[in-house]
Amino acid sequence: MRVRVSKRAFIGAAALASVAAVVALALLPPLPASAPAPAWAPSMTTARGVFHIHTTRSDGTGTIDDVAAAAARAGLQFVIVTDHGDATRPPDPPAYRSGVLVIDAVEISTTGGHYAALGLGRAPYPLAGDPRDVVEDVRRLGGFGIVTHPLSPKADLAWRGWDAVFDAFEWLNGDSVWRDAPLSRLLGAAWAYPFRPGPSVASLYERPKAIARWDALLKGGPVVGLAGADAHARLGLREGREPYVSRVFVRAPSYEAVFRVASLRVGLPRPLAKDAARDADAIVDAIRAGHVHTVVDALAAPAFFEFSAKSGGAAAMQGDSLPGIEPFVIRVRSNPPADGWIVLSRNGAEVHRVQAAELVYASDQRGVYRAEVCLPARRAAGLVPWIVGNPIYVGERERRADAAPADMSGPAASLDAADKLWGVEKDARSHAEIERSAGGVGLRFTLASGADVVPFAALDATTTIPTGSTGIAFRGRADRPMRLSVQIRVVTAGEGKRWQRSIYLDERDRDIVIPFAQMTAVGALASGPPDVPNVRTILWVADTVNTAPGSSGRFRLDQVRFFSPRAPKP
Ligand SMILES: [Zn+2]
Ligand SMILES: [Zn+2]
């Protein structure tokens, strides 16, 4: 039977379909606006690249070569790969692949969030544990550390080490954007993704709360701000506690789409020379110095931005300090589309804005100055800025400092090294023996390896803590760099409640001071501040947090004592 469709019905259906297509196209997120060519000559070279990428070496879906090829298609000059790890794998040397410089870095899991480290060699022991200890280790090893996804909505991914003096901070994290977005916006982006991958991902980007947090941090001292892609090319459908352990996933958004959304522009003294080692050093040095800004490329392109300050003969660019307190002039130059604004802030509060390609601001007010270029007409306020620069610090730089030193001016009680109170604890397969010498006590150990054991070796002292003591101090040294867990234990039924603080030892003598107030509960039994009056054991523990199974070591302690603050005068 022939179906007869009237001509009129056919035309009606076709018209309806084309209206639907036009409406659908109109609903697609806009293509990047075209920004005018800059009306000024850039004073320095920039290199465009993306930081924070996962490959198949951890939980990404692409190989290093896939990532480099996607980066080349997206027009990037460099990528910084940050697979999860404990920094004991030596980083791959920098290399050009598909014409893109690939710099290998690592994203370390601490007990209080993730910390990416650039410019780090092979760590002498696994880096893990408290955020402040990982921050300290990365700095000691010459690395530059970036807190990643600091305000992640997933509690175990959010940063909790705010008291640590970290180097840098992700003000934008591509992965948190997906996790933060309401389902309706996610569905909209998913529908548009096959047609406009970059803009559809960018449509999820609101002004991150992390920008305000960054401004608050800057009041205490310098922090470099970066955008991290956190690219995995993978969206898990049923995620476990750790991200991306789901077996069911889609390979989206692709590396290329994410690379087209936002990228870094690193300011360089000279153009990249296709010498991988030298070029990588120049890029990492520039990031360390804060000579870097972020561009959300999916909003508008091309992007140009310079942020500088001058006072008398002194000059500074983003990331730098302008030490003088003379009157100074700040200049921000960009190339925003007609509806764009340059916004200057001081200590987190806006001080000036212009709807033009150049902002000039003269002042004698010291403080932390930051510039953004915003495209408000692209959508209602609350949209992610187009360009975000690093601060210029005018006047003396505040120094973010670690906690004040403990007051040890009161009486101290020594633990006698020769006393019978010293002993050893270990699992059944590890080796540990006490080593005594004049005035000191130490431990020689080899941790077991194998799947059937949780190896540890510890030197212990069975003792109570004198009333009024506020911490423990000692001089320590080890035969190689190592990190030990100093623990105090209240014996209860079972294995007892413990609190710990980890310490670093190496071949030279170090005076270690641990206020009990800095110790944190271990495991599920203990919680809250340490129960000092009921402590019966002090332990120096080598365990798998910072000691690789199968490895050996020796450490030695002298002058172990409990200290107290001077009693207040009546
Ligand atoms: Zn992470
Ligand atoms: Zn990551």
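Residues numbered from 1 in each chain as written. Chains lettered and ligands numbered in written order. Predicted model: local features only at pLDDT ≥ 70, side-chain atom pairs only at ≥ 80, totals over all residues. Heavy atoms only, no water.

Q: Looking at this model, I keep getting lost on the coordination of the zinc ion (ligand 1). Mind explaining?
A: In an ideal octahedron of six donors the angles at the metal are 90 or 180 degrees, and in an ideal tetrahedron of four donors they are 109.5 degrees. Glu107 (OE), His114 (ND1) and His149 (NE2) make up the full set of protein donors to the zinc ion (ligand 1), lying at 2.1 to 2.2 Å. The sequence motif formed by the donor residues of the zinc ion (ligand 1) is E-x6-H-x34-H. Separating the zinc ion (ligand 1) and the zinc ion (ligand 2) is a distance of 3.3 Å, and Glu107 donates to both of them. You can see His114 sitting in strand E6 (residues 113-118) and its partner His149 sitting in the loop between strand E7 (144-147) and strand E8 (168-173), a full 35 residues away along the chain. Each of the two residues, His114 as well as His149, counts as buried. (Donors = N, O, S within 2.8 Å, 3.2 Å for Na, K, Ca; no water. Helix = DSSP H or I, 4+ residues; strand = E, 2+ residues; numbered from the N terminus. Buried < 20%, exposed > 50% of the residue type's maximum accessible area, 1.4 Å probe, protein only.)

Q: Mind showing me how you'd approach the sheet that holds strand E15 (residues 305-311) here?
A: Sheet strands line up and pair through hydrogen bonds in the backbone, either parallel or antiparallel. A sheet is described by the order of its strands in space; here four strands give the open sequence E16-E15-E18-E21, paired in antiparallel fashion. Lying at the two open borders of the sheet, with one neighbouring strand each, are strand E16 (314-317) and strand E21 (358-363). Along the sheet, successive strands turn relative to each other by an average axial angle of 15°, direction set aside. (Pairing = 2+ DSSP bridges. Axes fitted to C-alpha atoms, helices over the stretch in contact; angles between N-to-C directions.)

Q: Please clarify how the coordination of the zinc ion (ligand 2) should be interpreted in this entry.
A: Coordination of the zinc ion (ligand 2) by the protein comes from His52 (NE2), His54 (NE2), Glu107 (OE) and Asp230 (OD), over a distance range of 2.0 to 2.4 Å. Coordination geometry of the zinc ion (ligand 2): the four donor atoms subtend angles of 74 to 172° at the metal centre, consistent with an arrangement described as irregular. Residue His54 is classed as buried on the basis of its relative accessible area of 0%. (Tetrahedral: all angles 85-135°; square planar, octahedral: opposite > 155°, others 65-115°.)

Q: Where do I start with the sheet that holds strand E29 (residues 456-462) in this structure?
A: The six strands are arranged E26-E29-E35-E31-E32-E34 in an open sheet whose pairing can be described as antiparallel. Two strands bound the open sheet, and with one partner strand each, they are strand E26 (422-426) and strand E34 (520-522). Geometrically, the sheet is characterised by an average inter-axis angle of 35° between neighbouring strands, direction not taken into account. Each of strand E31 (482-490) and strand E32 (497-505) is contacted by helix H3 (residues 131-140), which is oriented at about 10° to E32, the strand it contacts most. (Contact = heavy atoms within 4.5 Å.)

Q: Please explain the pairing of strand E36 (residues 552-563) as it appears in this structure.
A: The side chains of a regular strand alternate between the sheet's two faces. Where strand E25 (residues 413-414) lies against E36, two bridges are found, and the strand directions are antiparallel. When the sheet's bridge partners are listed, Ser414 is paired in E36 with Arg561. Sheet analysis places strand E28 (residues 440-446) next to E36, joined by seven bridges and oriented antiparallel. Note on E36: the bridge partner recorded for Leu443 is Phe555. Pairing of strand E30 (residues 471-478) with E36, which is carried by seven bridges, proceeds in the antiparallel orientation.

Q: It is not clear to me how helix H2 (residues 64-73) should be interpreted in this structure. Could you clarify?
A: Think of an α-helix as turning once every 3.6 residues; residues three or four places apart then point the same way. Among all positions of H2, only Ile64, Val67, Ala68, Ala70 and Ala71 are buried. Mapping the buried residues of H2 onto a view down its axis gives an arc of 165°, with all of them on the same face. Each element contacted by the buried residues of H2 is listed here: strand E2 (45-53), strand E3 (78-84), strand E4 (95-97), strand E5 (100-110) and helix H8 (255-261). Trailing H2 by a residue or two, Gly75 shows a phi angle of about 80°, which is positive. (Arc of directions from axis to C-beta.)

Q: Just checking my understanding: could you explain the packing of aromatic side chains for this structure?
A: Pairs of aromatic rings are described using the distance from one ring centre to the other and the angle between the two planes. The tally for this structure, following the rule as stated, stands at twelve aromatic pairs. Aromatic side chains Trp162 and Phe166 sit 6.1 Å apart centroid to centroid with 70° between the ring planes, which places their arrangement in the edge-to-face category. Exposure remark for Phe166: the relative accessible area of 1% places this residue in the buried category. For the pair Phe305 and Phe307, a centre-to-centre distance of 6.4 Å together with 50° between the ring planes defines the contact as tilted. As far as the burial class goes, Phe305 and Phe307 line up, both buried. Ring pairing ties together the aromatic residues Tyr115, Trp159, Trp162, Phe166 and Phe169, which thus form one cluster. The ring of Tyr504 carries Arg140 above its face, with NZ or CZ at 3.3 Å from the centroid. Positioned over the ring face of Trp162 is Arg213, at 3.8 Å from the centre of the ring. (Phe/Tyr/Trp six-rings, centres within 6.5 Å; stacked < 30°, edge-to-face > 60°. Lys NZ or Arg CZ within 6 Å of the ring centre and 35° of its normal.)

Q: Just checking my understanding: could you explain the pattern of salt bridges for this structure?
A: By the definition in use, this model includes 30 salt bridges. The residue Glu136 makes a salt bridge to Arg483 at a minimum N-O spacing of 3.2 Å. Pair noted here: Glu136 is in helix H3 and Arg483 is in strand E31, with a separation of 347 residues, a long-range link. A residue is classified by how much of its surface remains accessible, and Arg483, at 1% relative accessible area, is buried. The salt bridge partner of Arg260 is Glu256, with a shortest N-O separation of 3.0 Å. On the criterion of helical spacing, the pair formed by Arg260 and Glu256 is a turn pair, its members being four residues apart in helix H8. Look at Arg260 and you get partly exposed, because its relative accessible area is 37%. Sharing partners across several salt bridges, the network here consists of Asp133, Glu136, Asp137, Arg140, Arg483 and Arg501. (Salt bridge = Lys/Arg side-chain N within 4 Å of Asp/Glu carboxyl O.)

Q: I tried to follow the environment of Gln487 on my own but got confused; where do I start?
A: Of note, Gln487 is situated in strand E31. Its relative accessible area of 3% is what places Gln487 among the buried residues. On a C-alpha basis, the gap between Gln487 and Ile538 in space is 5.7 Å, while along the polypeptide they are 51 residues apart. Setting aside residues no more than four positions away along its own chain, Gln487 makes contact with Arg498, Trp499, Gln500, Met519, Thr537, Ile538, Leu539 and Val541.

Q: Just checking my understanding: could you explain the side chain of Asp137 for this structure?
A: Mapped onto the elements of the fold, Asp137 is located in helix H3. Classification of Asp137 as buried rests on a relative accessible area of 0%. Here Arg483 takes part through its side chain, which lies 2.8 Å from a polar atom of the side chain of Asp137. Contact partners of Asp137, with chain neighbours within four places excluded, come to Tyr125, Leu127, Arg483 and Tyr504. (Polar contact = N/O pair within 3.5 Å; in protein donor to acceptor, adjacent residues only side chain to side chain.)

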